[in-house]
Amino acid sequence: MHAARALKSSPGIRGWLGPRASKALKVLLILPVALWLGYVVIINVMLSTKLMARLISYNPIDASLQYESAWSLWPGVVHVEDLQLSGSDSLLQWAVLLDEVDADIHLTDLLRKKFTAEDIRAEGFVFRMRLLVDPTSERDLEAPHIEALPPIPNFANPPLKPALPPQRDLENSDEGYNLWTVHLEGVDTTLKEVWIQQVRYAGGGRVRGGFYYKPLRSVRVGPLAMELRSGDVHLADRVVARVDGDLDVTMSTFDPREIEGLDISDTTWARVRLDVALPGLDFIRFLTGEDAEPRVEDGSGELRTNLVINRGKVEPGSSASYATSHLVAAASSLRAAVEAGVDLRVGERGEARLEVQVPRATLERPGKGLPPIVVERASAVFDAPELHLMRLPPGFSSKVDVVAAAIPDLRWLNADGAAPDAPRFTGGAAFMRSSLEVDPLGRGSGVLSLLMKQGALRWKETTVKGDAEARIALDAASVLNPAATFRKSRIEIKDLAVEHKGEAWPDWWARIDIDKAKVGRGLMEAAIRLECKDARPAVELLDAEDAIPGWATGLLTMEGLKASATVSRKASDVDFRLLEAQGGNLAIRGRLTKSDGRDPRGAFLVTSGPLSVGIDLAQDGAGVHPLVGDDWVNERIAALGK
């Protein structure tokens, strides 16, 4: 109006332009102002009467818009307070809530059921999303995992799939498709809450970026930057973490109908930097069920991540660590407690190394009156050429070291529910250390060192008690097909006291060298060399003492007995071949077999100079054959089969 008066009071301009041109200029100057005034009046009437919200919410199941107040002074630029935007499709329901927002809205897109906004400045961003529940597969609609789903404005709880199929099969057909599309760019908002399924973040933060969502057809996220500041992560009603961090996420456009589970990682690039304080890991029971075993307790500690993930692959330079001073896993008969640290590093070429350090761990059997097994300074290292979230590495190597482990009471090794006549430990302690390596082909090698003190074992009418040392060298073991080959190994038995049917043999000792051995499923083969105090315990245990003639009684007392033998066990069949045994002027060789729970069968030849005797173990007992020779024992051995 001021411009019009100025023109009117300026005869020079009017005379120079002429009447018609002057009038046109007035129109050109007045029209934008009039249009602006018209826009302000019309749009603010629509906003104040919430006519626009009612138009968008024509079908509130598809999309619903609500707000407390709104106004606009420039075309498309709208200020809204207490905004609620929600919607659903055949798979999920969602909602966005904002305390206040200024946005540039493409008003013409609303006519095509598309909500497009950019340059969005907002406060108090809240996002919620939940999948629909199938009442035909969920037995309890009041189960904790259902009650923990986020509430969505304008939708009932729980979010049930309709009993009848929808009139329009929008998931598989474009016919009749008319769902609202949401496209947001240039978002910059403070953060209050993100609640997806049962997981909820509540706390400070900021979100910047963009988002595109066409229900049942297309989703694109980002680039999106999130700041999380002093927030709590909840799983149902449990606080599972306190978080500070930054996340950068970009998801390339994908069809949600083609995504199953974590396959969405194949569309995602993300940088995740988190500092997380974990009050405990007992929230795992919410996922597994309160009665599931093992039950995880405590586990409080710190988790730090600096990860870059590209389509599921963890990129070079990534790292993550977790440390706890007390993590407990408990089952009905066992309780383990560990102090542990886990560290993940991805190198310059993408190779990944995971290190696990266990300064101390204990294993208890509650109610058994047994002291706990203690492990100290255990570690494990796993190396892989790459790390992918969705698949195992193509080949990885590992190394496990245990510096010290103690079984303070060998009764730990007794199986619950074993038969009354089964071998049972009655006392003693054992100490061990070990090192094991597994190559990328699943072949393992390593060494186990074992010390047993005052070990006591009872079996039927026999008891033994003494000390032992062992060094077992594992040459090759297959992790994929359980089998192992052992190289030079030794077992030493010291100060052993043996009692059998009232007879006692104190201070017995033995050294067993295992030249080679193979162990597999139902299979054991070994070649051994033995040196021991005497053969008396073996003879007595075989009930063969009465079969030994007087001239051969030296078998019971011959000092420094040396022998070599092979032992083979397949399923329930045992084959013991004594290749040679010598002590003093006596020599023995022979074979013993045992099959299918039957009594042992075998034959042995005992020689002393020109004298000899054969001992035959048959089904009807032991038999003695004086003055027989090699032909006799060879024939008996052959009769036992190959």
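For the structure, check the block above.
Residues numbered from 1 in each chain as written. Predicted model: local features only at pLDDT ≥ 70, side-chain atom pairs only at ≥ 80, totals over all residues. Heavy atoms only, no water.

Caption draft 1: Region of interest: the overall build of the chain. Counting secondary structure elements, the chain contains nine helices and 31 strands. C-alpha atoms of the chain, sized along the principal axes, occupy 155 × 50 × 45 Å. When the 642 residues of the chain are sorted by exposure, 39% land in the buried category. Counted over contacts in the chain with a minimum sequence separation of 6, partners at least 24 positions apart contribute 52%. Of the roughly 35,800 Å² of accessible surface on the chain, 58% is carried by carbon and sulfur atoms. Each charge sign in the chain was given a centre, from 77 positive and 89 negative side chains, and these centres are 5 Å apart. (Helix = DSSP H or I, 4+ residues; strand = E, 2+ residues; numbered from the N terminus. Buried < 20%, exposed > 50% of the residue type's maximum accessible area, 1.4 Å probe, protein only. Contact = heavy atoms within 4.5 Å. Areas by Shrake-Rupley, 256 points an atom, 1.4 Å probe, with all protein chains shown as cover. Lys, Arg positive; Asp, Glu negative; His and termini not counted. Charge placed at Lys NZ, Arg CZ, Asp CG, Glu CD.)

Caption draft 2: Structural context of helix α9 (residues 630-639). Taken residue by residue, α9 has Trp632, Val633 and Ile637 as its buried positions. Down the axis, α9 shows its buried residues gathered within 130 degrees of arc, on one side only. Projecting away from the buried face of α9 at angles above 90 degrees are the exposed residues Asp631, Glu635, Ala638 and Ala639. After α9 finishes, the residue Gly641 shows a positive phi value of roughly 95 degrees. (Arc of directions from axis to C-beta.)

Caption draft 3: Region of the structure containing unusual backbone geometry. With omega at 5 degrees, the peptide bond leading from Gly222 into Pro223 counts as cis. Here Pro223 lies in strand β8 (residues 218-235). Residue Pro294 is bonded to the preceding Glu293 through a cis peptide linkage, with omega at 0 degrees. Its place among the elements puts Pro294 in the loop between α7 (284-288) and β11 (295-298). A positive phi angle is found at Lys113, which is not glycine, with a value near 55 degrees. Considering the arrangement of structural elements, one finds Lys113 in the loop between α5 (107-110) and β5 (114-131). Looking at Lys113, the relative accessible area reads 26%, which means it is partly exposed.

Caption draft 4: The arrangement of the pairing of strand β29 (residues 601-608) in detail. The buried count for β29 comes to six of eight residues, which makes it a mostly enclosed element. Across eight bridges, strand β28 (residues 586-594) lies against β29 in antiparallel orientation. By the bridge assignment, Thr593 is partnered in β29 with Arg601. Where β29 lies against strand β30 (residues 611-618), seven bridges are found, and the strand directions are antiparallel. Residue pairing in the sheet places Gly602 in a bridge with Leu617 of β30. Between β29 and β30, which pair antiparallel one after the other, the connecting turn spans two residues, and Gly609 there sits at a positive phi close to 65 degrees. (Pairing = 2+ DSSP bridges.)

Caption draft 5: The packing of aromatic side chains, seen in detail. Applying the stated rule across the entire model yields two aromatic pairs. Three or more aromatic residues joined by ring pairs make a cluster, and in this case those are Trp94, Phe211 and Tyr213. (Phe/Tyr/Trp six-rings, centres within 6.5 Å; stacked < 30°, edge-to-face > 60°.)

Caption draft 6: Seen up close, a nonpolar patch on the surface. The grouping of Val33, Trp36, Leu37, Trp74 and Val77 at the surface amounts to a nonpolar patch, some 490 Å² of accessible area in total. With three residues, helix α3 (residues 19-48) is the largest single contributor of residues to the nonpolar patch. Here Trp74 shows up in strand β2 (residues 69-74). (Patch = residues over 30% accessible without salt bridge, like charges linked within 9 Å, V, L, I, M, F, W, Y side chains within 5 Å. Salt bridge = Lys/Arg side-chain N within 4 Å of Asp/Glu carboxyl O.)

Caption draft 7: Examining the nonpolar core more closely. In terms of nonpolar packing, the biggest core is built from 63 residues, with Trp94, Val101, Leu191, Met226 and Leu228 touching the most fellow members. Val101 has contacts with Val78, His79, Val80, Leu83, Ile120, Arg121 and Ala122, leaving out every residue within four places of it along the chain. (Core = buried A, V, L, I, M, F, W, Y, C linked by side-chain atoms within 4.5 Å.)

Caption draft 8: How the structure looks around the environment of Ile588. For Ile588, the location among the structural elements is in strand β28. Assessed through its relative accessible area of 13%, Ile588 is described here as buried. Residues Ile588 and Ala497 lie 91 residues apart in sequence; the distance between their C-alpha atoms is 24 Å.

Caption draft 9: Representation of the side chain of Arg128 in the model. Of note, Arg128 is situated in strand β5. Given a relative accessible area of 16%, Arg128 falls into the buried group. Of the polar contacts made by the side chain of Arg128, one reaches the backbone oxygen of Pro151; its length is 3.1 Å. Discounting residues that sit within four places of it in the chain, Arg128 has contacts with Gln93, Trp94, Ala95, Pro150, Pro151, Ile152, Glu193 and Trp195. (Polar contact = N/O pair within 3.5 Å; in protein donor to acceptor, adjacent residues only side chain to side chain.)

Caption draft 10: Geometry of the environment of Asp630. Turning to its location among the elements, Asp630 is positioned in helix α9. Exposure remark for Asp630: the relative accessible area of 45% places this residue in the partly exposed category. Between the C-alpha atom of Asp630 and that of Pro159, which follows or precedes it by 471 residues, the distance is 87 Å. Contacts of Asp630, omitting those with residues within four sequence positions, involve Arg589 and Leu605.

Caption draft 11: Quick peek at the pairing of strand β27 (residues 573-583). Here strand β26 (residues 561-570) runs beside β27; their pairing, made up of nine bridges, is antiparallel. Across the sheet, residue Ala565 finds its bridge partner in β27, namely Leu578. Between the antiparallel neighbours β26 and β27 lie two residues, among them Ala571 with a positive phi of about 55 degrees. When β27 meets β28, the two strands line up antiparallel, connected through eight bridges. The partner of Val574 across the bridge, within β28, is Lys594. Between β27 and the antiparallel strand that follows it, β28, lie two residues; Gly584 among them carries a positive phi value of about 65 degrees.

Caption draft 12: Looking closely at a negative patch on the surface. Negative charge collects at one region of the surface, where Glu68, Glu81, Asp82, Glu100, Asp102 and Glu123 lie side by side. Broken down by secondary-structure element, the contributors of at least two residues to the negative patch are β3 (77-88) and β4 (92-105). If you trace the backbone, Asp102 turns up in strand β4.

Caption draft 13: Quick peek at the pattern of salt bridges. Applying the stated criterion across every chain yields a total of 41 salt bridges. Measuring nitrogen to oxygen at the nearest pair gives 4.0 Å for the salt bridge that ties Asp416 to Lys368. A residue pair is termed long-range when its members are at least 10 positions apart, and Asp416 in the loop between β18 (397-407) and β19 (424-438) and Lys368 in the loop between β16 (352-364) and β17 (373-384) qualify at 48 residues. Classification of Asp416 as exposed rests on a relative accessible area of 52%. Of the residues examined, Lys368 reaches a relative accessible area of 45% and is grouped as partly exposed. Between Arg589 and Asp630 there is a salt bridge, and its shortest N-O distance comes to 3.4 Å. Of this pair, Arg589 sits in strand β28 while Asp630 sits in helix α9; the two residues are 41 residues apart in sequence, bridging distant segments of the chain. Assessed through its relative accessible area of 25%, Arg589 is described here as partly exposed. Salt bridges sharing common partners tie together Arg229, Asp246, Arg273, Asp275, Glu302 and Arg304.

Any functional reading would require information beyond the geometric quantities listed.
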